[in-house]
Structure formats: structure tokens, C-alpha cells
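Reading the structure
So you can see what is in the structure, the chains are spelled out below.
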Number of protein chains: 2
Amino acid sequence: MLVYIAGSGAMGCTIGYKISKNSDNEVILLDYWQDHIDNINNNGLTVKGEFDDNIKIQAMKPSEASKKADLIVVMTKSMYLKDMMEAISHLIDENTQILCLLNGMGHEEILKNYVNLNQINMGVTIWAAALEEPGSITIRDIGTIDVQNIGGNEEAGKKVADILNEGKLNARYDKNVMYAIWRKVMVNGTMNSMTALLECTVGEFFAIDAHERIIDELVKEFVEVGNADGVNLDKKEMLDYIRETSKAAKDHYPSMYQDLVERNRKTEIDFINGAVVNKGKTHNIATPYNEIITQLVHAKEELNDAK
Amino acid sequence: MLVYIAGSGAMGCTIGYKISKNSDNEVILLDYWQDHIDNINNNGLTVKGEFDDNIKIQAMKPSEASKKADLIVVMTKSMYLKDMMEAISHLIDENTQILCLLNGMGHEEILKNYVNLNQINMGVTIWAAALEEPGSITIRDIGTIDVQNIGGNEEAGKKVADILNEGKLNARYDKNVMYAIWRKVMVNGTMNSMTALLECTVGEFFAIDAHERIIDELVKEFVEVGNADGVNLDKKEMLDYIRETSKAAKDHYPSMYQDLVERNRKTEIDFINGAVVNKGKTHNIATPYNEIITQLVHAKEELNDAK
């Protein structure tokens, strides 16, 4: 099988590395960062953390690739997904499966402009990695991947999970992946947004009096919209899960904080809190809390002149 | 007449200075800051800015005062109003009028525990001053004061305005002072809260794309609750006023920013955005935007360990 990684940052390289290392599938990393591409091609992909390794693997720009893909794992930032799909459309035919593991919700609305629903596999992963310099990643935690074909093409979805498992990525086919996706969005839509906005660690946010009321209102809206959207969500269960997750991450500055505060980069807020606002509108459900959080994060992006 | 200023910060000293300087009324400044009291008693009150002056004026702690007051101008921070009323209760009898010029709303709910409604005069001022060191204020702008007796005691209210005018404070009796108060609260509840939260100048906030939507939602709630509360407010008129005010203040960091960001002090948010939330509850009107802004400012206070 030919597997492209479309967007080869920390997570893209992690998935590409694991599949390339452990299986016979051909892997090509696609990216736009020339130094990163050059380093990988000249010196191999260096892997630190859980796996101390260096492997030979192909890297190139999307326009330099030409063979049709069996599987494309899209791993760009959410806001660049549309541009990436345009850039790789020549690699896709009716046999190509797409796997989307991006944080947040609503990516399928973009993907379905390029492929049929039965070619789209949505997933959620708790693998964790960082890219500190071109050509070198650190895999911080062994994770899992849940995946489901959202066009009902279970056979194709299971084949995608098989490729991931050949790469020892601990994948499982999940008949209700939207539940896992919404649950993760709620973690991101509380911990990530609030720490980015208030410039604090997860633990600091969860220590302040006001956090309970804020989280409660945000999650209430997520649950109401999710249930209207056909995902079966329980508010108390979600709050408990967020609280548990926050304990493990208490000293952590989440990725949105890193983007907004440390790196002056645009955030994925429109695919997190903003996504529930958009879905809320289609169900005629008001989501004022998530709406203002979305606007405040955008306000901070503008003030920071985020790129 | 004996006039006490209860809370002799920048604005309290400004009003005390003007009345003492320009009229025959006796003025006593009350405060808790011992260096400030000592400096005023030893060296006089120094006035810079619009009036280059130094005058002899009495200053003391509330517990050191004993004569019953004809007029008490309360000028503490909103959150210390209750404590101040406790501390000066021995200076109040049935002939004492109270004038409250504090930023925000809802102070009358505190005052009416200590005096009858017809002893309460609410007002709004656009005099502006700063206190940079003990015993010395800078009066930055000549202002005006609108005042109304909220117990319907127009005669008493006009007498209060007369005393202010003897002090050349440009007062007028306003039969609809709540309109002016709500309008000012909306300015504070947009410009002040948002600049404190996002850590920017007024002009920077009004330059970002998201500001329009944020202000629109905040003001919508203020207007809805205000109208239910019997104040006749028009949303477009309020938005226009806020926008005009923001232009004049564009390079300014409002007082809430100064409190929260520069001085690590608690803010008056509960009497600004928080006040419309409380009033909204009594009218069964949801105010999610003002509620989350209130909570976020409190969250920042906690994170900054504000005193």
C-alpha cells in the first residue's frame, strides 16, 4: 500500500515513522517546510523519546508527489486542511481512503468536497509528539487511535485500522468514533481554550473558583448540540472525564496556549469551540459561552498579530 | 454644611478640593491610608494638572470623625462600599444626604441598608483624576456631575447639586440619572472589561475584527435588562456612544486594566458586567455574555493573586 502523510509535523511524522518502520507499506511524508524535507531526505528522520531511532523515509512537497494514494493521513493544522486537500487532489482516486485525525470537529465538511463519504475515515488519537527542529521528532507517549469510516464503509475503515496496526499504532475500529471525537473536543474546548485565553497551566485554571461555572456552561452547550447531532453525550460523564484528564495534564501548557502565547500562531479555535457554535446554528441551539470564547481567542490572535 | 468624602482617592480628593476651595462648606476627607492622611494634614493637599494648588484641608480615619454629616460623598472602590458604610454609620442621621458617584451599578442596594431611599443621591461624573503619591492628586480633566435623589426627594437632591456647584463642580440635577449611569456602565462594561481581559488599549481593542460582535452582544444584554428595569435605553444609541467614547480614549488603559494588570488589585467587575447579570436574574433575562466576562475577569484576579 502507498500511504501519504499530508502534513508532516510532529504527529504526521509519528504516524509515518511507525508505519514505515514496522510494515511493508510505502510511506511518503508531504510537507511545505523545505528545511524539514531536506533534513529528512539527507539525514533520515530522527526519532527521540519513546523510540530512539533514525530511519530513511521519503519526504517531499505535495506538488512533487504523483502516484495515486491508497491511504492519505491528513495531519495539517485544521485551518490549512482545505489548502492541503487542494494540493493533494491529484493523488486521490476512487480507491483512495482518507484518514483524518485532526483535533476538533467539522473537518468532514471540508473533506467531503474532495471525496465520497465512504472514503472518509474520522479518528481520534492520544499519541503525543513534538517537533523541535527540522527532521527530528520526539514521541512523548505511546498512544492509541480510534477510527471509523463515516460513510458506512466498514470494510474500508477496518483496512485503514489494519494498516495502522501493522505500524504498531494501537488502532481499533470504533463504531461510534464521533463520541470519542466530541469528548476530545470538549477537553480541548475547556482546557486548551481557557489556558490560552488566561495564559496559565491546566492546573492553574482548574484551581480557580470560576473554573467550575465556566466549564459547566461550555460543556452544557457541547452536550446539547452533540445530542441534537445524534451523538449520545452525558454532561456529568463529560465533566468527570475533563476533570480526570486535567489532573494528568496539570503542569501542561496545551497546544493552543503554545500556538497563541508562545509562538504567535493562529489557533484551531474555529474547529473546537467555534465548531459547536456552527453546529449549534444548524440545530437552532444558542451557544453563547462557546461563541464568546471563540471570539476572545480570535481577538487575542489579532492583538498578537498571529500568523 | 459639613461634607465628608468617604474614600479620598483621586476622585474623592478632587471633589473635596473643589468644595473646600470654592465654598464655605466644611470638608473632611476620610480614608484609611495613613501616609496619605498624614501628608495632607502636615503639608496640605497638593493639586496638579488643571489646577496648580495646595490647600489646607482636614483628613482623618472614619473612626476619628464624630460630627454628624450634612452630606457624605461616598467614593470608595465599589467592593469596599459596604465596609465604608459600616465605618461611617455614626456620622449619619436622618438629615444626612448620601451622594454616590461610584462607577458601576447596584450601589443603592448597599446604601439602602444604612439610610432611607430619600437620603440617597445617585450620580455620574466625568471628572477625571489620578493619585500618584500620598497627599497629591492630578486633576486631568474638567468634568460634570449628574445627580438625582432616587427616593423622589428632589429638594434634597437639588441641595446636593447646589453644594457641588458652590464647589464649581458643574453639577446638574438630572431627573433620569439612571440613564446616564447605565450608559456609563455600558462604556465600562465594554471598554474596561475587554481591555483588562485582553491586556490592550481601548484603541487596540476597537481595531480588532471580533470587537464588534462582542460589544454588540454585551450591549444587547445591558439594554434588555435596563429596559426591563425601567430605564429607557436604545441599543444603537448606546453603541454609537461607546464608539465615540472609545475614540477619545483610544490610547488609554482604563482603570480596570490598571487595577488588574498593572497593580494586581481586585476589579469592580461585579458592579459593572456582574451587575447586569444580577439585575437580569431578577427579571429572568439571560445574560451569558456578561456572565462569562465577569467570570473571566474574576479568573484573572485569582490567577494574578489580586488583593
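Parameters and conventions
- Residues numbered from 1 in each chain as written.
- Chains lettered and ligands numbered in written order.
- Predicted model: local features only at pLDDT ≥ 70, side-chain atom pairs only at ≥ 80, totals over all residues.
- Heavy atoms only, no water.
- Least-squares fit on C-alpha atoms with pLDDT ≥ 70 in both.
- Contact = heavy atoms within 4.5 Å.
- Helix = DSSP H or I, 4+ residues; strand = E, 2+ residues; numbered from the N terminus.
- Buried < 20%, exposed > 50% of the residue type's maximum accessible area, 1.4 Å probe, protein only.
- Phe/Tyr/Trp six-rings, centres within 6.5 Å; stacked < 30°, edge-to-face > 60°.
- Lys NZ or Arg CZ within 6 Å of the ring centre and 35° of its normal.
- Pairing = 2+ DSSP bridges.
- pLDDT = per-residue confidence, 0-100.
- Axes fitted to C-alpha atoms, helices over the stretch in contact; angles between N-to-C directions.
- UniProt positions renumbered as here; feature names shortened; annotations may be inferred.
- Domains from an automatic or database assignment.
- Salt bridge = Lys/Arg side-chain N within 4 Å of Asp/Glu carboxyl O.
- Polar contact = N/O pair within 3.5 Å; in protein donor to acceptor, adjacent residues only side chain to side chain.
- Nonpolar A, V, L, I, M, F, W, Y, C, P; charged D, E, K, R; others polar.
- Buried area = accessible area lost by both parts, 1.4 Å probe.
- Lys, Arg positive; Asp, Glu negative; His and termini not counted.
- Core = buried A, V, L, I, M, F, W, Y, C linked by side-chain atoms within 4.5 Å.

Observations concerning the relation of the copies chain A and chain B
Overlaying chain A on chain B yields an RMSD of 0.1 Å, the required transformation being a rotation through 180° with an accompanying axial translation of 0.0 Å. A rotation of that kind, with that shift, is consistent with a two-fold axis. By C-alpha distance to the rotation axis, the residue of chain A lying nearest is P288 of chain A, at 3.1 Å. Taken together, the interface assignments show that 100% of the residues at the interface of chain A recur at the interface of chain B, consistent with an identical surface on both copies.

Comments concerning unusual backbone geometry
Residue and element names in this part refer to chain B. Backbone geometry places K168, a non-glycine residue, at a positive phi of 55°. As for its placement among the helices and strands, K168 is situated in the loop between α5 (154-166) and β12 (171-173). For K168, a relative accessible area of 53% gives the class exposed. Of note in the backbone geometry, E199 takes a positive phi value of approximately 55° without being a glycine. Given the relative accessible area of 41%, E199 is considered partly exposed.

Focus on the packing of aromatic side chains
The final tally for this structure, using the stated rule, is seven aromatic pairs over all chains. Centroid distance W182 of chain B to F222 of chain B: 6.5 Å. Interplanar angle 90°. Geometry classified as edge-to-face. In this pair, W182 of chain B is assigned in helix α6 (residues 177-198) and F222 of chain B in helix α8 (residues 211-228), connecting sequence segments 40 residues apart. The pair formed by W182 of chain B and F222 of chain B is uniform in burial state, with each residue classed as buried. Seen from the ring of Y241 of chain A, R183 of chain A lies directly overhead, with NZ or CZ sitting 3.8 Å from the centre.

Structural notes on the pairing of strand β6 (residues 71-74) of chain B
Looking along a regular strand, one sees the side chains alternate between the two faces of the sheet. Residue and element names in this part refer to chain B. Here β6 shows no split at all, with L71 and V73 on one side and I72 and V74 on the other all buried. As defined by bridge partners, β6 adjoins strand β7 (residues 97-100) across four bridges and the pair is classed as parallel. Bridging across to β7, L71 finds its partner in Q97.

Remarks on the confidence of the model for chain A
Here chain A averages 95 in pLDDT, and 100% of its residues register 70 or above. For this predicted complex, the interface confidence score (ipTM) comes to 0.81, while the overall pTM stands at 0.85.

What about the sheet that holds strand β4 (residues 53-55) of chain B?
Residues and elements named next belong to chain B. If you trace the four strands from one edge of the open sheet to the other, you get β4-β3-β10-β9, paired in mixed fashion. Two strands lie at the open edges of the sheet, namely β4 and β9 (128-133), each paired on one side alone. The mean inter-strand angle of the sheet, taken between neighbouring strand axes irrespective of direction, is 25°. Taken together, the three bridges between strand β3 (residues 45-49) and β4 define a ladder with antiparallel strand orientation.

A word on the UniProt feature "domain: Ketopantoate reductase C-terminal" (unreviewed entry) in chain A
In the numbering used here, UniProt assigns the feature "domain: Ketopantoate reductase C-terminal" (unreviewed entry) to residues 176-301 of chain A. Along residues 176-301 of chain A, the helical share is 73% and the strand share 0%, with 34 Å between the first and last C-alpha atoms.

Overview of the domain arrangement of chain A
Residues and elements named next belong to chain A. Looking at chain A, the domain boundaries give domain 1 (2-173) and domain 2 (177-304). A straight line from the C-alpha centre of domain 1 to that of domain 2 covers 25 Å. In this assembly, 17 residues from domain 1 lie in contact with 20 residues from domain 2. Put simply, domain 1 and domain 2 have two salt bridges between them. Between D259 and K77 there is a salt bridge, with the nearest N and O atoms lying 2.6 Å from each other. At the boundary of domain 1 and domain 2, one finds seven residue pairs in polar contact (both at pLDDT 80 or more). When residues of the side of domain 1 that touches domain 2 are traced back to their parent elements, those giving at least two are α4 (107-111), β8 (120-125) and β11 (145-149). Among the elements that line the side of domain 1 that touches domain 2, the one with the most residues is β8, at four residues. Of the residues assigned to the side of domain 1 that touches domain 2, the class counts are six nonpolar, seven polar and four charged.

What to know about the environment of L218 of chain B
Residue and element names in this part refer to chain B. Mapped onto the fold, L218 is located in helix α8. Sequence separation between L218 and E291 is 73 residues, and the spatial gap between their C-alpha atoms is 9.6 Å. Aside from chain neighbours lying at most four places away, what touches L218 is G189, T190, M194, N273, Y289, N290 and I293.

A few points about the interface of chain A and chain B
Tallying the contact residues gives 22 residues for chain A and 22 residues for chain B. Summing both partners gives a buried area of about 2,100 Å² for chain A against chain B, and 73% of it is carried by carbon and sulfur. By the criterion of area lost to chain B, the three top residues of chain A are I292, E302 and L303 of chain A, representing 26% of everything that side buries. Where chain A packs against chain B, one counts six residue pairs in polar contact (both at pLDDT 80 or more). Elements represented by at least two residues in the side of chain A that touches chain B include exactly α6 (177-198), α7 (202-207), α8 (211-228) and α12 (288-303) of chain A. Ranked by the residues each element gives to the side of chain A that touches chain B, the list is headed by α12 of chain A, at 11 residues.

Quick look at the side chain of E221 of chain B
Checked against the element boundaries, E221 of chain B lands in helix α8. There is no salt bridge for the buried E221 of chain B, and the closest opposite charge comes from K220 of chain B, which lies 7.3 Å off by N-O distance.

So, the sheet that holds strand β2 (residues 26-30) of chain A
In a beta sheet, neighbouring strands are held together by backbone hydrogen bonds and run either parallel or antiparallel to one another. All names here are of chain A. Ordered by their spatial adjacency, eight strands build an open sheet running β5-β2-β1-β6-β7-β8-β11-β12, and the pairing between neighbours is mixed. The strands lining the two open edges of the sheet, one partner per strand, are β5 (58-60) and β12 (171-173). Each strand of the sheet is rotated relative to its neighbour by a mean of 25°, with strand direction disregarded. As defined by bridge partners, β2 adjoins β5 across three bridges and the pair is classed as parallel. Paired with L29 across the bridge in β5 is A59. Along the sheet, helix α1 (residues 10-22) contacts β1 (2-6), β2, β6 (71-74) and β8; its crossing angle with β2, the most-contacted strand, is approximately 165°. Helix-sheet contacts for helix α2 (residues 34-43) involve β2 and β5, and the interaxial angle to β5 is about 155°.

Some details on the nonpolar core
Counting residues in hydrophobic clusters, the biggest one holds 214 residues, and the most contacted among them are I72, I88, W182 and L296 of chain A together with I72, W182 and L296 of chain B. The contact partners of W182 of chain B, leaving out residues within four places of it in the chain, are M105, F222, V225, G226, D229, V231, L233, V276 and K279 of chain B.

Side note on helix α11 (residues 273-282) of chain B
Residues and elements named next belong to chain B. Burial analysis of α11 places seven of its 10 residues in the buried class, the great majority of the element. Along α11, the residues classified as buried are N273, G274, A275, V276, V277, K279 and G280. Residues of α11 that are buried sit in contact with α4 (107-111), α6, α8 and α12 (288-303). Among the residues trailing α11, N284 stands out with phi positive, at a value near 60°.

Observations regarding the environment of I72 of chain B
By the element assignment, I72 of chain B lies in strand β6. Separated by 20 residues in the primary sequence, I72 of chain B and I92 of chain B place their C-alpha atoms 8.5 Å from one another.

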